[in-house]
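Examining the three-dimensional arrangement
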Amino acid sequence: MAKYILKRFIYMIVTVFIIATLTFFLMNLLPGSPFNEERTTNEAVQRNLEAHYHLDEPLVVQYVLYLKSIVTLDFGPSIKQPTETVNSLLGRGFPISAELGIWTILIALISGVALGVFAALKHNGVIDYIAMTIAVLGISIPNFVLATLLIQQLAVNLGVLPAATWSSPQHMVLPIVALATGPMAIIARLTRSSMLETLTQDYIKMARAKGLSPAKIIVKHALKNALMPVVTILGTLLAGVLTGTFVIEKIFAIPGMGKYFVEGINQRDYPVIMGTTVFYSAFLVLMLFLVDIAYGILDPRIKLHKEGGK
Amino acid sequence: MIPAKKQNEETPHSSIPDEWFKPKEKNTEDAESVVRPSLSYWEDAWRRLRQNKLAMSGLIFLILLGVMAVIGPWISPHDVDTQNLPNQNQAPSLTHWFGTDELGRDVFTRTWYGARISLFVGLMAALIDFFIGVAYGGLSGYKGGRTDNIMMRIIEILYGLPYLLVVILLLVVMGPSLLTIIIALTVTGWVGMARIVRGQVLQLKHNEFVMASQSFGAKTKRIIQKNLLPNTMGPIIVQMTLTVPTAIFAEAFLSFLGLGIQSPFASWGMMANDALGVILSGDWWRLFFPAFFISATMFAFNVLGDGLQDALDPKLRR
C-alpha cells in the first residue's frame, strides 16, 4: 500500500511539474513582453519594470524562479488589474467556486446513484426507460446550453428563480442544476450497468436465499459493490465539473475562480492564465491522487503492488 | 406431430400408419448445405444495429445533418456573413427561415455553416486520434516489456493532464482558428484510443494466427496492420464514434468562451454565446437553433455509439 501511494504521489508531482513547465514555455513563446504595449514607458522605467519581474534574466533563471514561485504558492501579479495579484483573485474566487463544485458533485452523486439503482431494479421497465432517456439527454446537452435554456425558461419566462449572481440559496439552484445534470447522467448510466451485473452475482442469490430483506440486499450487498466503478470516474467527473464552472460562472455572473479565468483569457492577462491553469491542474491532479488511493482502500480485490494488464 | 383428435380414439397406436416408421431415404446431395446464409462479423453487426431503433434514428439524423451541412448554405439565398442591419433580430419568416441575428445575418445559413464546423472538427479529431492512438497503442501492446512500460508511463502522465485546461492553454498561445482547435483537441485526445488498442492487442497477440504470421517472417508493422488491427476494429469504431461528440462539445465550449471559431464565421457555440446577450428580449430563435443542433448532434452520436457498442461487442454475440 505504502509503495502504491508513493508511486501515485511521484506521478502527481511529475504531472504538476510537466503542466507547470508546459505553461511556462508556451507562454514564453508568445511575442512581446507584458510591458511594451499601448502606453509607451520610457527606457529606464521599462528596464526597472523588467528587472522587478526578473524579465531581464536569462530564460533558465526565470524558469527556476517560476518553479520556486509555484512551490511557494505565489503566482504573481495580474497585468491588467494592477491592484490585484493572482493570489488575491484565487483567494476571493476559489471559495465560491468550491461551494458550487461541492454542491454539484453531491447532488450529481445522490441523484445519479438513485436513478441508476431504480433503473437497474426495474430493468427494461418503464422507470428504466425513462431514467436512461434522461441520462442520454443529460450527456448530450452541453452544460452551457442547459444553463441558457434554464435561464430563458425558468428565470425570464416564468420568473420563478433568479437568473444570476450568487447571493442566496435560490440563486444557487439554476447553476447547480445546469452543472450537475451531465455528471448525474454519467453516474446514473454507470450505476445502472454495474448494478445489473452485481445483481446476477452468486452472493446476491445467497443473500436472498438467507432470507434477507430486499432493501438490505440492495443497499448492503449490491450497491456497495456496484459503486466501485463510480469511484473510479469521480476524478474525471471532477475535471468536467471544474471546467464546467468556467462557463457556468460566466453565464450566471458568479464571482468565482472560473469567471476570473475566463476574463483573464479574454483580456489575455497571461499571469492570471498561467497561475490559474497551474493551480487548477495541481488541484485536479491532487483530487485524482486521492480518488486513486480511496479506490485502493475501498476495493481489496485490486492488487496495488502489481501493474494490471489492462 | 400426431393430430390431437387421434388421442381420443380407442386404440390410438393402431391409427399411426406404418410408413411413418420407415427410415427416411438418405439425402447425399443436401447434407452439406447450410440452412441459413452465413453472416460475416460486419453483416451480423449491421443486422443487430438495424434492429436498434434509437441508434438507427441517430444514424439517419447524422446523415441528414451531413447532407444539410453540405447543401444548406448553398440552397439558402443569404450569405453566411452578409450583414443587413435593418433586418436585425427578425423572427423566423419565409425570407429568413430561422430568423436573423443582431447584425441581420441569416440564422438558417449560419446554422448549417455551424454544422460544417462541428462535423469537421468532430470527424477530424476522431480521425487523428485514430491514427496516433492505433499506432501508439498497437506498438506498445505488441512490443510489450520495457517498450510498453515506458510508453504506458508517458500515457499515464498525459492522462492525468486536465483535457480542457490544456486545450485552453494551447489555444491562448496558438490563437483561435479551426486548425489550432483541431491540433489542441488531438494533442492529448488520442490517449484514450491508445489505451483501448493496447488492451485489445495484449489480448490478441498470443493467438496462433499471430504466431503463424511471425513464423513466416512478417514484420511488426505488417502484423499490427494485417493481423491485430482488423480484429480490434469493433472497439476502435465505438471509441471513434464517442470521440466525435466530445470534440463537438469541446469546440462549442471553446467558441462559447470566445476561444474558438471567430466571427464572421459561424459555429454553434458562438451562436449560443451571442444569443445569451439577447435572452431577455425574448428572441427565442437565436438560442433555440444552435442549442437544438448541438444537443441533437451529440445525442445522435451518443446513441449511435451505444448501439455500435452493443452491435460490435463480441461478448454479446451468441
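Residues numbered from 1 in each chain as written. Chains lettered and ligands numbered in written order. Predicted model: local features only at pLDDT ≥ 70, side-chain atom pairs only at ≥ 80, totals over all residues. Heavy atoms only, no water.

It is worth spelling out the overall build of chain B at this point. Assigned secondary structure in chain B consists of 11 helices and 0 strands. The linear arrangement of helices and strands in chain B, starting from the amino end, is α-α-α-α-α-α-α-α-α-α-α. Expressed as a percentage of the 318 residues in chain B, the buried residues total 47%. Sequence-distant contacts, at least 24 apart, represent 70% of the contacts inside chain B between residues at least 6 apart. Summing over all exposed atoms, chain B offers an accessible surface of approximately 16,900 Å²; the carbon and sulfur share of this is 61%. (Helix = DSSP H or I, 4+ residues; strand = E, 2+ residues; numbered from the N terminus. Buried < 20%, exposed > 50% of the residue type's maximum accessible area, 1.4 Å probe, protein only. Contact = heavy atoms within 4.5 Å. Areas by Shrake-Rupley, 256 points an atom, 1.4 Å probe, with all protein chains shown as cover.)

Residues and elements named next belong to chain A. The positions that UniProt labels "transmembrane region" (unreviewed entry) are, in the present scheme, residues 9-30, 100-121, 128-152, 172-191, 226-248 and 278-298. Helix makes up 95% of residues 9-30 and strand 0%. Its end C-alpha atoms lie 32 Å apart. Between the end C-alpha atoms of residues 226-248 the distance is 31 Å, and the span holds 96% helix and 0% strand. (UniProt positions renumbered as here; feature names shortened; annotations may be inferred.)

Moving on to the packing of helix H7 (residues 169-199) of chain A against helix H10 (residues 228-251) of chain A. All names here are of chain A. Packing of H7 against H10 brings their axes to within 10 Å, and their N-to-C directions diverge by 160°. On the basis of their axis angle, the class for H7 and H10 is roughly antiparallel. Classified by chirality, the crossing of H10 by H7 is right-handed. Across the interface between the two elements, Pro175, Ala178, Leu179, Pro183, Ile186, Ile187, Leu190, Thr191 and Ser194 from H7 touch Pro229, Val230, Ile233, Leu237, Val241, Gly244, Thr245 and Ile248 from H10. Tallied by class, residues from the contact of H7 with H10 come to 13 nonpolar, 4 polar and no charged. (Axes fitted to C-alpha atoms, helices over the stretch in contact; angles between N-to-C directions. Parallel < 35°, antiparallel > 145°, perpendicular 65-115°, else oblique. Left-handed = near helix turned anticlockwise from the far one by under 90°. Nonpolar A, V, L, I, M, F, W, Y, C, P; charged D, E, K, R; others polar.)

Our next topic: the interface of chain A and chain B. Taken together, the contacts link 45 residues of chain A with 36 residues of chain B. Buried area between chain A and chain B, both sides added, is near 3,800 Å², and the carbon and sulfur share of it is 76%. On the chain A side of the contact with chain B, Tyr11, Phe144 and Gln152 of chain A bury the most area, a combined 14% of that side's loss. On the surface where chain A and chain B come into contact, there are 2 salt bridges. Across the pair arginine 189 of chain A and aspartate 306 of chain B runs a salt bridge, and its minimum N-O distance is 2.9 Å. (Buried area = accessible area lost by both parts, 1.4 Å probe. Salt bridge = Lys/Arg side-chain N within 4 Å of Asp/Glu carboxyl O.)

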